[in-house]
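Observations on the three-dimensional arrangement
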Amino acid sequence: EQHGAEQLPVQLRKIPGKGVCSVVPLQVVQGDSGETTLEMVGEIPNFHETVRKVEKGLSWAPPHLLQALFSFQAQIAKVGSMSFLWDNSETGEMSVFKAKHEACWKGAIEELTAHMMESMTDALLQAYTTEEAEKGHSMRPDEKDKYLRIVELGNKMLRDAVRDTIIRDIRTYADRMETYQRPVRPSDGEIDILETLDEENEGEEGEEKVLSRVPSHHSEASQPRMSRRGSVTGQDGRRTSVAPSQGSFKSSQSAEVKEGAERAPSVGGSQGEREEVPNMSRRSSSAMELLVQRGMSAATLVSTSDGLYENFFGEEEVLPKDLSFGVRSMSKPVFVIELKYHENGTLSVEPSPEEVEAVSVAVIHELVAASKTIVSFSVEVIGAKCSSPFLAPCEGADFEQVMADSISRVRTSVADNESGPTAVVKELAKFPFLVETQIDSYVEAWRESVHPIKETRAEIKRFVRAAEQVTRRIASDVVLRLYSISCLQTKTLLTEKAEMLKKIMLSNLADETREQSQAMVVSFEGILGKLKESPEDPEMLAQLQDYVKTCDTEIDELSNEISKAREKHDMLEEFEFDISKEDFSLYWQAYGKPREINAVRMAAIPRQEDDRLKFMQKLQELSQDFQKELQSIEADIAAFVTYKDLDQAEEYAGQVMILNQRLVEARETGEVVNNREKLFEFASTSFDEIESMTINFKPYADLWTISAEFTKKFPTWTDGPFTSLDADAIEANVTAWWKFAWKAEKTFEGKKEPQSVAVKLKQMLDDFKPHLPIISALRNPGMRERHWAKLSAEAGEPIV
C-alpha cells in the first residue's frame with residue numbers, strides 16, 4: 001500500500017481469528033529514464049519461499065479457495081495489458097483524438113466489468129459449491145464470512161491493478177505529449193560543453209568555423225534556471241512543467257539531427273530572405289551530432305543555408321526554409337488543425353491552441369471520471385458483496401499528485417507547440433496587403449484615384465507575386481511537431497484573392513480601353529464628317545477651310561490616345577486577359593482612322609477651293625440684287641409723301657410694316673455682303689443709305705401707324721358699349737396722340753399731304769377731348785345704383 005523508493009520487507013500480518021495475509025510492497029528503482037516500478041513481483045528476494053509460508057499459514061484456505069484466489073490473480077494480471085488511453089499513433093482531427101481515447105477507456109472498462117469480473121465470479125462460485133459439497137449442507141453465515149473477505153481482497157487487488165495501469169497510461173500519455181516539446185535552452189555549463197564539442201569538431205575536420213554564442217538577452221540574467229523537471233510560472237499564475245526527462249529524447253534526437261542534416265540542402269534558405277531571430281543560436285551539424293553522441297540534449301533543429309538552427313522551449317519558433325518536410329518530432333503529429341482565412345482579412349488556426357489544450361487535458365479528467373463509474377466486484381448470489389459499490393481506483397493524494405504532474409506536463413507541451421502555428425501565421429503576415437486587403441473596395445478606390453498604367457501593372461504583379469510566394473513558402477500540410485497544419489484552403493483563398501484583384505483590375509482596364517476606343521472612333525468620325533461637309537455659304541466655307549488647316553492638333557491628341565490604348569492592350573495581353581473580338585476590332589478601327597482622315601483631308605482642299613470660286617460668283621450676284629432692292633425701298637418710301645386720305649390709314653400702316661421689315665433685312669443683308677467681301681478680300685461696299693432711309697421714313701411710319709390705331713379705336717369710343725370703355729387708357733392715348741399730331745404738323749411743314757393728315761388727326765382729338773371728363777366720371781369704379789338713379793331723374797331719361 002506504500003509506493004516509494006524505499007524497499008519494504010515482506011510482512012505477515014495476522015487477521016485475528018481468521019488467518020494471515022501477505023503485504024508485498026511494490027519495488028521502485030531509479031533508472032536512466034526516471035522512476036520505474038518492477039512489473040515482476042517475483043524479482044523480490046525470497047518471494048517464492050514467502051509464498052509457500054503464506055500458503056501453509058492459511059489454514060483456513062482450502063485448495064479450492066486458493067484456486068479461486070490464483071484465478072483472481074490470473075485475471076487481474078491481464079489488467080496490465082489493457083490500455084485506458086490511446087497511444088496517439090495516428091494524426092487526426094480533435095474530435096477523432098477525443099473519440100479514440102474515449103473508445104480506449106470504454107473498451108478497457110467493458111473488458112474489466114463484463115469479462116474479468118465475470119471470470120472471477122465463476123471461480124469464486126466454483127469454490128463455494130465445492131466447499132458446500134464437501135460439507136454436505138448449505139454454509140452458515142459465519143462460514144460464508146471468508147468469501148466476503150476474499151471478495152474484499154479481490155477488489156483490493158483489482159483496485160491496485162487498475163490504479164497502476166491508469167497511472168502508467170496517464171504517465172505514458174504525458175511522456176508522449178512531451179516528445180513534441182522543445183528542450184530548454186542549455187545552461188551555462190551545457191553551453192561550455194557545446195563549445196568544446198565545436199572546437200573538437202574543428203580539430204577533427206581541420207576547418208575554421210565561426211559559431212555564434214547565445215545572445216546576451218538569453219543570458220542568465222534574462223533566462224530562468226530550469227531543471228529537466230523544473231517548472232515556471234505562466235501568465236495565468238499557474239506553475240507548469242517546462243521540460244521532459246532527458247531519457248525520453250536521447251534516442252530520437254540523434255536520428256532527428258542526422259535526418260535534419262541530410263535534408264539540409266532541400267530545406268536551406270537564402271540569407272537574404274531569412275530574418276534574424278534573436279532567440280536562435282547556430283551550431284554546425286557535426287557539432288550537434290557529437291553532442292548527441294555524448295548524451296547531451298539536442299534542440300529541435302531547422303535547416304537553412306547558414307546551417308542548423310536550434311529551437312528552444314518557450315522561445316519564438318524558427319521555421320525551416322522548406323516547410324514541405326516541416327519540423328518533426330519522434331512521433332507522428334497528433335492533431336490536424338487548419339489555418340483559416342477570414343473575410344475580414346484576418347488569420348487564425350482552428351481549433352485554437354486553447355481548445356487543443358482543453359481537449360488534451362480533458363482526456364485525463366474524463367478517464368478519471370469514467371474510472372469512478374467502475375462497479376466493485378461482488379458475488380451477490382452467495383451474499384459476498386463489497387462494502388463499496390464502486391471500485392474507485394483513482395483516489396488518494398498520491399494519485400492526485402501524479403494526475404496534476406501529468407496535466408501540467410501536457411499543458412506545458414501544448415503551450416510550447418503553440419509557437420508553431422503562430423510562426424506560420426507570422427509568415428503570412430509578411431504579406432499584409434494580400435491578407436488584409438478588401439478587394440472590391442480597394443479596386444474601386446484604385447480606379448477612382450486614376451493611376452498610370454505602369455502603377456496598375458506593378459500593383460497587379462505585387463499581389464500575384466505575393467500569392468506565388470505564399471504558395472511556394474507554405475506547404476499544403478505543414479507538420480510542426482504536435483500539429484499537422486492544413487494550409488491548402490488558405491493558400492487557395494489567397495491565390496484566388498490575388499487572381500480576383502488581377503481580374504477586376506484588368507476588367508476595369510478593358511472597360512476603360514473600350515470606352516477610350518469608342519470615344520476615339522466617335523472623335524475621328526466627327527473629324528471625317530466635318531472634312532466631308534459641303535458648305536452652304538461662304539462663312540461655312542471659311543470655317544471648313546480653317547478647320548482643314550488646324551485639325552492637326554486634334555488628330556495628334558487622338559493619336560496619343562491611340563498610343564495609350566495600345567499600351568493598355570499590351571498589358572491585357574501580358575496578363576493573358578481575354579479581350580473580346582468587339583473590343584479588339586474597335587481598337588483597330590480607331591487605329592486606322594488617322595490614315596483615313598489624312599486621305600479625306602487632302603481631297604477636301606481642292607473641293608473647298610472650287611466652292612470658294614462658286615461663292616465669290618454668288619456674292620457678286622447678291623450685291624447686284626441688293627442694290628436693286630435698295631432702290632425699290634427708296635421709291636416706296638418716296639410714295640408716302642403723297643398719302644393724305646385718313647380713311648386709308650390702316651392700309652398705309654400695313655405698307656409701313658412691310659417697309660420697316662425690308663429696311664431691317666436690308667441692314668442685315670448689307671452686313672452679310674460686307675462680311676463676305678472681307679472673307680474674299682474684296683473692297684468693302686458702303687450701305688450708309690440704309691440708315692438714311694430708315695431715319696427719313698420714321699415720321700411717315702409713325703404718322704400712319706398712329707392714324708391707323710386712332711381710326712380703329714375712335715368708333716368704339718363714340719358708338720361702342722359704354723361699359724367697355726377704359727377711361728384711363730383713352731385719356732392716355734388721346735394725350736399721347738395729340739402731342740404727336742402737334743409735332744407732326746411742324747415736322748411736315750412744306751409737305752402738304754402728310755401735314756394735312758396730322759392737322760386732321762389733331763382736330764379730331766381736340767373735338768373728342770370734352771368727352772373725357774364725362775367718360776372718366778361715369779366709368780369711376782365708385783359709381784353705385786343710387787348714383788345712376790339720380791342721373792336718370794335729372795336727365796328725364798333712364799340711364800342704365
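Moving on, we come to the overall build of the protein chain. Regarding its fold elements, the protein chain presents 24 helices and 13 strands. The proportion of buried residues among the 800 residues of the protein chain is 41%. Intrachain contacts of the protein chain at a sequence separation of at least 6 include 76% that bridge at least 24 residues. Accessible area of the protein chain: about 43,000 Å², with a carbon and sulfur share of 52%.

Before going further, it helps to spend a moment on helix α21 (residues 727-747). With 21 residues, α21 should cover 30 Å at 1.5 Å per step; its first-to-last C-alpha distance of 30 Å lies within 8% of that length. Next to the buried residues of α21 lie α20 (688-719), α22 (752-768) and α23 (771-778).

This next bit is on the nonpolar core. One finds Leu112, Leu124, Phe335 and Leu434 to be the most contacted residues of the largest nonpolar core, which totals 110 residues. Broken down by element, this core gets its largest block of residues, 14 residues, from helix α3 (residues 94-135). In contact with Leu124, not counting residues within four places along its chain, are Leu65, Ala68, Phe72, Tyr147, Ile150, Val151, Phe377, Val379 and Ile382. Core analysis: the next-biggest nonpolar cluster, separate from the first, contains 47 residues, Ala666, Phe697, Ala701 and Ile775 among them.

Bridge count for strand β10 (residues 335-341) against strand β13 (residues 483-486) is four bridges, and the pairing is parallel. Residue Phe335 lies in a different strand from β13, and its bridge partner there is Tyr483. Both strand β12 (residues 477-480) and β13 contribute to a ladder of four bridges, which runs antiparallel. Residue pairing for β13: Asp477 is matched across the bridge by Ser486. The loop that links β12 with its antiparallel partner β13 comprises two residues; one of these, Arg481, has a positive phi angle of about 55°.

Turning our eyes to something else, we now look at the sheet that holds strand β11 (residues 347-350). The four strands lie next to each other as β11-β10-β13-β12, forming an open sheet whose pairing is mixed. Whereas interior strands pair on both sides, the edge strands pair on one side only; in this sheet they are β11 and β12. Mean inter-strand twist for the sheet, computed between neighbouring axes without regard to direction, equals 25°.

In this fold, Met94 is placed in helix α3. Considering only alpha carbons, one finds Met94 and Val359, 265 residues apart in sequence, at a separation of 7.5 Å. Ignoring any residue separated from it by four or fewer positions in sequence, one finds Met94 in contact with Phe335, Pro351, Glu355, Val356 and Val359.

Right, let's get into the packing of helix α9 (residues 353-371) against helix α10 (residues 397-417). Two elements in contact, α9 and α10, have axes whose closest approach is 9 Å; the angle formed by their N-to-C orientations is 160°. If you check the angle between α9 and α10, you find them roughly antiparallel. Crossing of α9 against α10: the hand is right-handed. In contact with Pro353, Val356, Glu357, Ser360, Val361, Ile364, His365 and Val368 of α9, α10 contributes Phe399, Met403, Ser406, Ile407, Val410, Arg411 and Val414. A breakdown of the residues in the contact of α9 with α10 according to their chemical character gives ten nonpolar, three polar and two charged.

This paragraph deals with a nonpolar patch on the surface. Residues Phe584, Trp588 and Tyr591 make up a contiguous nonpolar surface patch of roughly 310 Å² in combined accessible area. If you trace the backbone, Trp588 turns up in helix α18 (residues 581-639). Among the residues examined, Trp588 registers a relative accessible area of 36% and is labelled partly exposed.

Once that is clear, we can look at unusual backbone geometry. Note that the residue after Glu350, namely Pro351, is joined by a cis bond; omega there is -5°. Looking at the element boundaries, Pro351 is found in the loop between β11 and α9. Notably, Ala392 is not glycine yet its phi reads approximately 50°, a positive angle. Within the secondary structure, Ala392 is located in the loop between α9 and α10. Taking relative accessible area as the criterion, Ala392 reaches 18% and is therefore assigned buried.

Turning our attention to the side chain of His569. Mapped onto the secondary structure, His569 falls in helix α17 (residues 552-574). Excluding anything up to four places from it in sequence, His569 contacts Thr513, Ile579, Asp583 and Tyr587.

Using the criterion set out here, one finds 26 aromatic pairs in the structure. Arranged with centres 4.5 Å apart and planes meeting at 55°, the rings of Phe97 and Phe335 form a pair that is tilted. You can see Phe97 sitting in helix α3 and its partner Phe335 sitting in strand β10, a full 238 residues away along the chain. Phe335 matches Phe97 in its accessibility class, with the two residues each being buried. Each ring, one from Phe710 and one from Trp717, has its centre 6.3 Å from the other, and the planes form 75°; the classification is edge-to-face. The burial state of Phe710 is the same as that of Trp717; both residues are buried. In this structure an aromatic cluster arises from ring pairing among Trp86, Phe97, Tyr173, Phe335 and Tyr483. Just above the ring of Phe433 sits the side chain of Arg462; from NZ or CZ to the centre is 4.1 Å.

Attention now moves to the pattern of salt bridges. By the definition in use, this model includes 40 salt bridges. Among the salt bridges present, the one from Asp169 reaches Arg168, with a minimum N-O distance of 2.8 Å. Look at Arg168 and you get partly exposed, because its relative accessible area is 32%. Because the salt bridges share partners, they merge into one network encompassing Asp175, Glu178, Asp405 and Arg409.

Compared with an ideal rise of 1.5 Å per residue, which puts 19 residues at 27 Å, α9 spans 27 Å between its outermost C-alpha atoms and is within 8% of the ideal. Roughly 30° is the biggest bend found in α9, and it falls at Ala362. Taken as a whole, α9 has its buried residues at Pro353, Val356, Glu357, Val359, Ser360, Val361, Val363, Ile364, Leu367, Val368, Ala370 and Ser371. Buried residues along α9 sit in contact with α3, α4 (145-178), β10, β11, α10 and β13.

There is a patch of like negative charges on the surface, built from Glu634, Asp688, Glu689 and Glu691. Among the elements that make up the negative patch, the one with the highest residue count is α20 (three residues). Summarising the element assignment, Glu634 is placed in helix α18.

One can describe the packing of α20 onto α21 by two numbers: an axis separation of 11 Å at closest approach and a directional angle of 140°. Considering how the two elements wind past one another, α20 and α21 form a crossing that is left-handed. Only Ile730, Asn733, Val734, Trp737, Phe740 and Thr747 of α21 make contact with α20, whose side of the interface consists of Pro699, Asp702, Leu703, Ile706, Glu709, Phe710, Lys713 and Trp717. Taken together, the residues that form the contact of α20 with α21 break down as nine nonpolar, two polar and three charged.

Moving on, we get to the confidence of the model for the protein chain. Note that predicted coordinates carrying low pLDDT should not be read in detail. Here the protein chain averages 80 in pLDDT, while 78% of its residues score no lower than 70. Predicted confidence for residues 1-21 stays below pLDDT 50, and this span has 34 contacts to residues more than four positions away or in other chains. Note on residues 290-299: pLDDT is under 50 here. Beyond four places in sequence and across chains, it has 31 contacts.

The next point concerns the side chain of Gln181. Looking at where Gln181 falls in the secondary structure, it is placed in the loop between α4 and α5 (188-205). On the accessibility criterion, Gln181 (1% relative accessible area) is buried.

Conventions and cut-offs
- Residues numbered from 1 in each chain as written.
- Predicted model: local features only at pLDDT ≥ 70, side-chain atom pairs only at ≥ 80, totals over all residues.
- Heavy atoms only, no water.
- Helix = DSSP H or I, 4+ residues; strand = E, 2+ residues; numbered from the N terminus.
- Buried < 20%, exposed > 50% of the residue type's maximum accessible area, 1.4 Å probe, protein only.
- Contact = heavy atoms within 4.5 Å.
- Areas by Shrake-Rupley, 256 points an atom, 1.4 Å probe, with all protein chains shown as cover.
- Expected span 1.5 Å × (residues − 1).
- Core = buried A, V, L, I, M, F, W, Y, C linked by side-chain atoms within 4.5 Å.
- Pairing = 2+ DSSP bridges.
- Axes fitted to C-alpha atoms, helices over the stretch in contact; angles between N-to-C directions.
- Parallel < 35°, antiparallel > 145°, perpendicular 65-115°, else oblique.
- Left-handed = near helix turned anticlockwise from the far one by under 90°.
- Nonpolar A, V, L, I, M, F, W, Y, C, P; charged D, E, K, R; others polar.
- Patch = residues over 30% accessible without salt bridge, like charges linked within 9 Å, V, L, I, M, F, W, Y side chains within 5 Å.
- Salt bridge = Lys/Arg side-chain N within 4 Å of Asp/Glu carboxyl O.
- Phe/Tyr/Trp six-rings, centres within 6.5 Å; stacked < 30°, edge-to-face > 60°.
- Lys NZ or Arg CZ within 6 Å of the ring centre and 35° of its normal.
- Bend = angle between axes of the 7 residues up to and from the residue.
- Lys, Arg positive; Asp, Glu negative; His and termini not counted.
- Charge placed at Lys NZ, Arg CZ, Asp CG, Glu CD.
- pLDDT = per-residue confidence, 0-100.

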